[in-house]
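Given next are the chains, with one letter for each unit.
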Amino acid sequence: MKRFVIAVVIMAAMLGSSGVVLYGLTQVKDEMIASLDELTQMVEDKEYDRAHELSEQLFHRWDEEENRLIRYVRHTDLDSISSRMARLPYLVKYKDPAEFLSEVSQIRYLILHLWESELPLMRNIL
Amino acid sequence: MYVVLFRTILLYILIIFSLRVMGKRQLGELQPSEFVITILISNIATLPIEDTNVPLLCGAIPILTLMCFEVFISTLILKSKTARKVISGNPRVLIRDGKVDQQEMQNLRFSVDDLLEQLRTNNVFDIQDVAFAIVETTGKLSVYQRFEARNVTPQMLNLQSPGEDALLPVAVISDGEVVEDSLRFCNLKPEWLHKVLSENGYQPQDIFLMTCNRKAQYHIIPKEK
């Protein structure tokens, strides 16, 4: 009976912490997507100085989140996003909007894909 | 390299913990579900070790999940006869009253060579000596021999029992350390032990193994110098 109780406690802890992790990932996704949308708007409005500042803040923010996400997300997925994020400040600084928007689009897709692949949906489970 | 090293140690500790919680038996006595779990756990554990891009949690969570499910299934098997039948199956009689059930052997995909091999591992070299042979749910064959082929027992010779508990030898000193529980089992005191060792010219730390039974019959194996 003791083993059964231990197993129930461990299972409940895993289910609970999985929920917390998914909630955290959703928060990160929403925050990053909102920031990327704001950045895109700034570049389209040719507000390059503000966009440069925001892109740097976004990169640092992502760096902090990555240290947390790395515990339960594949590192290669995170590395793909990080390497693209690192380019953004320089694309804005040297005023390359086409390349910048392309990178933002890719980052957006990767972050959404990262979040969707963690959802307990049939297509992910099967 | 440190990453792989520490991951291996952590997963090893986790697997030991999981096996302790599951209460594993020897490999040959595992039920089908337990056998599956054991293989799965060993395969899953290698993933974060081989590929450092995989987070450690991606190995730990499946191992703990399998461990929990194994405990749930084994509890269910304990409580429900139907579940036991579905998950573990039933023992099957291969030889009944000395007659081989060939249809049952076909059903179990048990060949003649398999049968003879299993009989030999049960120290039975003549199939005529077998009254009953049962394939357990673990796949092991249990054999009940005919009366004429069985080993002689003290009961058959009307021998008096000296009392089995009294003659069971236990280790009272193991690798230089005195085992207090064993001394208590033999109803002996540490003073007796030291007296015996002194008479033989030993200290406890000089002893590799000392066994003793409740009749104070002891055997000493000293450590090699």
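Residues numbered from 1 in each chain as written. Chains lettered and ligands numbered in written order. Predicted model: local features only at pLDDT ≥ 70, side-chain atom pairs only at ≥ 80, totals over all residues. Heavy atoms only, no water.

*Asks:* Before we go on, may I ask you to explain the packing of aromatic side chains in this structure?
*Replies:* To describe a pair of aromatic rings, one takes the distance between the centres and the angle between the planes. Enumeration over the complete set of coordinates arrives at four aromatic pairs over all chains. An angle of 65 degrees between the planes, with centres 5.5 Å apart, marks the rings of Phe 4 of chain A and Phe 72 of chain B as edge-to-face. With Phe 4 of chain A in helix H1 (residues 2–44) and Phe 72 of chain B in helix H3 (residues 57–79), this pair bridges two chains. Residue class for Phe 4 of chain A comes out partly exposed when judged on its relative accessible area of 26%. Note that Lys 29 of chain A overlies the ring of Trp 115 of chain A, its terminal NZ or CZ placed 3.8 Å from the centroid. Sitting over the ring of Phe 185 of chain B, Arg 214 of chain B keeps its end group 4.2 Å from the ring centre. (Phe/Tyr/Trp six-rings, centres within 6.5 Å; stacked < 30°, edge-to-face > 60°. Helix = DSSP H or I, 4+ residues; strand = E, 2+ residues; numbered from the N terminus. Buried < 20%, exposed > 50% of the residue type's maximum accessible area, 1.4 Å probe, protein only. Lys NZ or Arg CZ within 6 Å of the ring centre and 35° of its normal.)

*Asks:* Explain the sheet that holds strand S5 (residues 170–174) of chain B here, please?
*Replies:* The pairing of strands in a sheet happens through backbone hydrogen bonds and is either parallel or antiparallel. Residues and elements named next belong to chain B. Strand order in this open sheet of four strands is S6-S5-S7-S8, and the pairing throughout is antiparallel. Pairing within the sheet leaves two strands with one partner each, and these edge strands are strand S6 (177–178) and strand S8 (218–222). Of the pairings in the sheet, the one linking strand S7 (residues 207–212) to S8 comprises five bridges and is antiparallel in character. Opposite Met 210, over in S8, you have Ile 220 as the bridge partner. (Pairing = 2+ DSSP bridges.)

*Asks:* Would you mind going over empty space enclosed by the protein with me for this structure?
*Replies:* If you roll a probe as big as a water molecule over the atoms, it shows you where there is empty space left. Residue and element names in this part refer to chain A. Counted under the stated rule, the structure contains one cavity of 30 Å³ or more. The volume enclosed by the largest cavity comes to roughly 40 Å³. Along the walls of the largest cavity sit Leu 25, Val 28, Lys 29, Trp 62, Leu 69, Ile 111, Leu 114 and Trp 115, which together make up its complete lining. Within the residue set of the lining of the largest cavity, elements represented by two or more residues are H1, helix H2 (48–69) and helix H4 (97–117). Grouping the constituent residues of the lining of the largest cavity by class yields seven nonpolar, no polar and one charged. (1 Å grid on protein atoms, 1.4 Å probe; cavity = no way out; pocket = protein on both sides within 12 Å on 5 of 7 lines; lining within 4 Å. Points joined across faces, edges and corners; volume = space filled by probe spheres on them. Nonpolar A, V, L, I, M, F, W, Y, C, P; charged D, E, K, R; others polar.)

*Asks:* Is there a simple way to think about the nonpolar core in this case?
*Replies:* In a soluble, globular protein the nonpolar side chains are often hidden away together inside. Trp 62, Leu 69, Met 85, Leu 88, Phe 100 and Ile 111 of chain A are the most contacted members of the largest nonpolar core, which has 29 residues in total. Counting only elements with at least two residues in this core, the list comes to H1, H2, helix H3 (75–93) and H4 of chain A. The element that contributes the greatest number of residues to this core is H1 of chain A, accounting for eight residues. Every residue in contact with Phe 100 of chain A, bar those within four places of it in the chain, is listed here: Leu 39, Thr 40, Val 43, Leu 88, Leu 91 and Val 92 of chain A. Counting 20 residues, the second largest nonpolar core, distinct from the first, contains Ile 15, Val 21, Ile 44 and Ile 63 of chain B. (Core = buried A, V, L, I, M, F, W, Y, C linked by side-chain atoms within 4.5 Å. Contact = heavy atoms within 4.5 Å.)

*Asks:* Even after reading the chapter, I still don't get unusual backbone geometry, so can you show me in this structure?
*Replies:* Glycine aside, residues mostly have negative phi, and peptide bonds are mostly found in the trans state. All names here are of chain B. The backbone of Arg 109 shows a phi angle near 55 degrees, a positive value even though the residue is not glycine. Along the chain, Arg 109 falls in the loop between helix H5 (102–107) and helix H6 (112–121). Accessibility expressed as a relative area gives 72% for Arg 109, which makes it exposed. A positive phi angle is found at Asn 158, which is not glycine, with a value near 55 degrees. Of note, Asn 158 is situated in the loop between strand S4 (141–145) and helix H7 (164–167).

*Asks:* Is there a simple way to explain the pattern of salt bridges in this structure?
*Replies:* Two side chains bearing opposite charge may form a pair once their charged atoms approach each other closely. Counted according to the given criterion, the structure contains 16 salt bridges over all chains. The salt bridge partner of Glu 116 of chain A is Arg 123 of chain A, with a shortest N-O separation of 3.9 Å. Asp 175 of chain B is the partner of Lys 223 of chain B in a salt bridge, and the nearest nitrogen-oxygen pair spans 3.7 Å. On the criterion of sequence distance, the pair formed by Lys 223 of chain B in the segment after S8 and Asp 175 of chain B in the loop between S5 and S6 is long-range, its members being 48 residues apart. The exposure class assigned to Lys 223 of chain B is partly exposed, which follows from its relative accessible area of 30%. The network of salt bridges with common partners includes Glu 31, Arg 61, Glu 64, Glu 65 and Arg 68 of chain A. (Salt bridge = Lys/Arg side-chain N within 4 Å of Asp/Glu carboxyl O.)

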